[in-house]
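# Structural characterization, general
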Amino acid sequence: MASSDGYVLLALFLVPLGTTLLLAATPSKERAAIVALTGVSSLAMFVMSVYAFTQYDFEGAQFQGVKAWTWVENVGLLGEDGIQLKVGLDGMGATMVLLTGVIILAGTWVSWKIQHRAKDFFILLYIMVAGVYGCFVILDLFFFFLLYETAVLPMYLLIAVWGSTRKEYGAMKLMMMLVAASILIFIGIFGAFSAAGIGTFDLEALYAAEIPRNTQLLLFPMIAFGCGTLGGMWPFHSWSPDGHAAAPTAVSMCHAGVLMKCGAFGIIRLGFQLMPEGAEFWAPGLVVVGIIAALYGAISALRQTDLKLMTGFSSVSHMGYVFLGLGTLNVIGMSGAVLQMFAHGVMTALFFLLIGGMYDQSHDREIPNFSGMARQMPVWTIFFVIAGLASLGLPGLSGFVAEVHIFIGTFRAYPVVGGLAVLTAAITATYLLRMFSQAFFGEFNPRWSGLKEITLVERAGATLLAGTILVLGVWPAPWVDRISTTIANSIPGVSL
Amino acid sequence: VSLDYGLLIPEIILAVTAFGVLGLDAFRRELKTSDTSLAIVAAVGAVVAFAASLLYLDRDPETFGGLIAVDDYTTFFRLLFTAVVFVVILGSFEYVNKNISHAGEFYSLLLLSTVGATFMAAAQELLTAYISIELLSFSLYVAVSLAKKDTRSAEAGLKYVLLGGVASAMLLYGLSFIYGTAGSTSYDEIGAAFTTAAEGEPELAVLVGLALVIAGLGFKASAVPFHMWTPDAYEGAPLPITAYLSATSKAATFALLLRLFGGPLLPLIDEWRWMMASLAVVTMVVGNLIALQQTNIKRLLAYSSIGQVGFMLMALATLSDASSSALLLHMSGYLITNLAVFTAVIAFYNKTGREEIADFRGLAETQPYLAVVITVGLFSLSGMPLLAGFASKFILFQAAASAGYLWLSAIAVIMSTVSLYYYLAVIRQMYVYEPTGDTARWSPSPMAYALTGVLLVGIVVVGLYFGPLYEAADRATSVLFAAAP
């Protein structure tokens, strides 16, 4: 990746921000203009994301396309290069950028059918996307946190205004839990900056600076829980099922698909890379939290009858794998964690897209109320089965690649936990297959004879997501190469 | 002693304009003056004073007879306060035309209190500082009770003047202790006296003096537990005066605190640091928690401003070059944000005559632009990103953490998060609920549009590109520490 590609990285979050300004200037009545604008903008983001991913050379430097613009320096508490607008990509960032590109494209498509204040919806959605992209490409601690919070900021209104079931409760709970978690990140950043004592928020400089071991031991759990809450980490996951159940389709897609990944990504950026000694000390804690989340989420999902709540708890379970993988502290387990972030993002987005496409017609998400849907909505069912099979880890689909890495890593580090992780996969298979048999097959419930197949736009979005699942499933090398070299080179103290 | 009146031109302009406005009002019938023309004269006076203040940029510090310093610090606050009074005048004339029967007094009191505010920032001597405080306070005592048709206004004025008198007495008593131990009222000589005396145990008189001074000024800044007057005064005062109270009156007190404690009293920092720190903690905790149960928008903003005072006091508790420039940055961002919110609320009040939080129901449908302004402003106050509040709080809290007070910034971040909850309650009324009653769309006045538009841009600029403002703040405060012994 050439240094000039830094402009592409910059454009990744400036394009959605610019789009919000253009949208704000567009009259609300001009639906065609809004659709055109968001269509072009999301396509541009998708193309740039694919470009950034493919251009990243995993045999080259760790951070590529690095570009920095001095923002504020030599004033007050800031020294040389105090705050810079600095972008750069590593293998993990490249993976996450690709994920965001895929999901925002599909998410924009399915949001076109929103009638109520569509313009405001897209403005808020794109502010969130700008924040998400920013997190993945920014190399300055101040801007990282600014963009991280930017991604969370619009969630309240997105859910409270456009959501469904218990939307105000879900929105307020989500917002307050996430912002409360940010308290811990704030403290972690303040502590790390003052302990490093170099007067700059440049992440590369901070990585090289010596942060005293005791400070790292103190601050790492704050970063882990602070960012982990956004990643749906047990025991601070409870906003996630409620929030996802309440959120509108595209928001669930982006939120579970990419925003939660910002949390896990934050743990790597601010935890593992910034405080490696703290990470080494606390890694077993991550394993414990991760396996509890995986089991707890899966068992809770067994009991859910609401499709979205089931998916929400399933997300908690799958994100548990991510923390488990990170805690193994070996390259294969940690690579699995990042792969899982990607794989889970795509399949969850597909789940929410499909649930939304059906719920908009039926206004019902109770699994027992459905039966024989495969006859009424065959295309919908096929996509749903693909997402489900990826979720339960069928070989050839994305989930398998990720989970197999995590399981191997876990067996190497903690064999007993590895056994529990495989058990979790079995529970996952149980609730998914049971849901399939209940809702899709069996005798058709005539109550739903009015349901139509999902629209062409939704099919296009679903195809994009399902295609990504298949590609990662059969040809994971591009992902694995980028992620594993980055992890091996950038995190001190990982074993193979 | 040099008495160069050329140093005081901005204040002279303000004072002359203030009396000019009074004169125009007195001969209203002969000169056919309207309320709006008074506002225009006052606004022009503020602009001219602003322009005149610019002349003092980048000049070597000078003093007017050792009483008033004119340096970058003074210039910073002159620019800030004249800008604030300009915004308040423009934002209020529609309100004044409708609700205030003494427009001349209204505008001249605003201008006179601004003179007091800039002298508070510039004072180099205890009595000058005290007289400046009283100039600001007396103007505001009257201004608060100007809404004569509203009984709450008279009540607010009475409470404010009585409690303000007690605070002034405490402050003056405290100043007399400091004078008694240091032997002078001049900042420079006090600083020199305390530097030599800093060895060994401090005298009890010094401690009592410091405590009384902090209590007295804490009252003016509405720090808990000296905040009792604030919610009533905010609620009873005419809305533009509430805006002004929350802006200039607070900032001027901090300007004075910073010059006094960052200069002559700096040698005693170990004696007063814990007082400031505990005041900061109590203020931010109590202010933000009580704000949670408010139903009136003015009272909500009153308690939220008390919470903000707690954050600002934190900078004094961790006083250093870095934290004082962070304080000025935060204060400027806070003023811009607060004025945006208040200007929007005034425009809302002009249309509806209501000020309960529940009255904002469905504003996103009936007046989406004001809803955006208020939302952005409240998000900025709570420290959400892309907006002024995030950047300035980040720098302010980091400064405290870097000074070794990570626990203090931890409390501040927690309280900042609490504040988000009650701001969201307002935002929820506007966006989540449908309007009741008259659901027709309406438009605020062009002036309200323009003013809030400019302030909105200001909020985003300070939130994203705060470098220039931060550098100005840094240059202003470096004067203090360069002069410190």
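Reading guide: rules and limits
Residues numbered from 1 in each chain as written. Chains lettered and ligands numbered in written order. Predicted model: local features only at pLDDT ≥ 70, side-chain atom pairs only at ≥ 80, totals over all residues. Heavy atoms only, no water. Helix = DSSP H or I, 4+ residues; strand = E, 2+ residues; numbered from the N terminus. Buried < 20%, exposed > 50% of the residue type's maximum accessible area, 1.4 Å probe, protein only. Contact = heavy atoms within 4.5 Å. Areas by Shrake-Rupley, 256 points an atom, 1.4 Å probe, with all protein chains shown as cover. Lys, Arg positive; Asp, Glu negative; His and termini not counted. Charge placed at Lys NZ, Arg CZ, Asp CG, Glu CD. Phe/Tyr/Trp six-rings, centres within 6.5 Å; stacked < 30°, edge-to-face > 60°. Buried area = accessible area lost by both parts, 1.4 Å probe. Salt bridge = Lys/Arg side-chain N within 4 Å of Asp/Glu carboxyl O. Polar contact = N/O pair within 3.5 Å; in protein donor to acceptor, adjacent residues only side chain to side chain. Expected span 1.5 Å × (residues − 1). Bend = angle between axes of the 7 residues up to and from the residue. pLDDT = per-residue confidence, 0-100.

### Some words on the overall build of chain B
A tally of helices and strands in chain B yields 20 helices and 2 strands. Over its C-alpha atoms, taken along the principal directions, chain B stretches across nearly 70 × 55 × 40 Å. Counting over 485 residues, chain B shows a buried share of 63%. In chain B, the share of contacts with a sequence separation of at least 24, taken over all contacts with a separation of at least 6, comes to 82%. For chain B, the exposed area adds up to about 16100 Å²; of that, 66% sits on carbon and sulfur atoms. Averaging the positions of the 23 positive and the 34 negative side-chain charges in chain B gives two centres separated by 13 Å.

### As for the packing of aromatic side chains
For the coordinates displayed, the defined rule picks out 55 aromatic pairs over all chains. Judged by centre distance (6.4 Å) and plane angle (90 degrees), the ring pair of A:Phe190 and B:Phe397 falls under edge-to-face. Taken together, the positions of A:Phe190 in helix α7 (residues 167–196) and B:Phe397 in helix α17 (residues 388–402) put the pair across two chains. By the burial criterion, A:Phe190 is buried, and B:Phe397 matches it. Here A:Phe370 and A:Trp448 contribute two aromatic rings whose centre-to-centre distance is 4.7 Å and whose plane-to-plane angle is 15 degrees, an arrangement assigned as stacked.

### Considerations on the interface of chain A and chain B
In this complex, chain A contributes 36 residues to the contact, which on the side of chain B involves 39 residues. Taken together, both faces of the contact between chain A and chain B bury some 3600 Å²; the carbon and sulfur share is 80%. At the junction of chain A with chain B, the criterion picks out 1 salt bridge. Among the ionic pairs, B:Glu365 bridges to A:Arg117, the shortest N-O distance being 2.9 Å. Taken together, the connections running from chain A to chain B amount to 6 residue pairs in polar contact (both at pLDDT 80 or more). Looking at the side of chain A that touches chain B, the elements with two or more residues in it are β1 (64–72), α5 (141–152), α6 (155–162) and α7 of chain A. Per element, the largest residue contribution to the side of chain A that touches chain B is 14 residues, and it comes from α7(A).

### Side note on the environment of B:Ile89
Following the sequence through the fold, B:Ile89 ends up in helix α4 (residues 72–99). Once residues lying within four places of it in the same chain are set aside, the contact partners of B:Ile89 are B:Ala39, B:Ala42, B:Ala43, B:Tyr107, B:Leu110 and B:Leu111.

### Looking at helix α11 (residues 249–272) of chain A
Residues and elements named next belong to chain A. Between the first and last C-alpha of α11 there are 33 Å, a value that for 24 residues agrees with the 34 Å anticipated at 1.5 Å per step. In α11, a bend of some 40 degrees at His 255 exceeds every other bend along the element. Across the 24 residues that make up α11, a large majority, 24, are buried.

### A closer look at the confidence of the model for chain B
Mean pLDDT over chain B: 91, with 99% of residues reaching 70 or higher. Interface predicted TM-score (ipTM) for the complex: 0.88; the corresponding pTM is 0.91.

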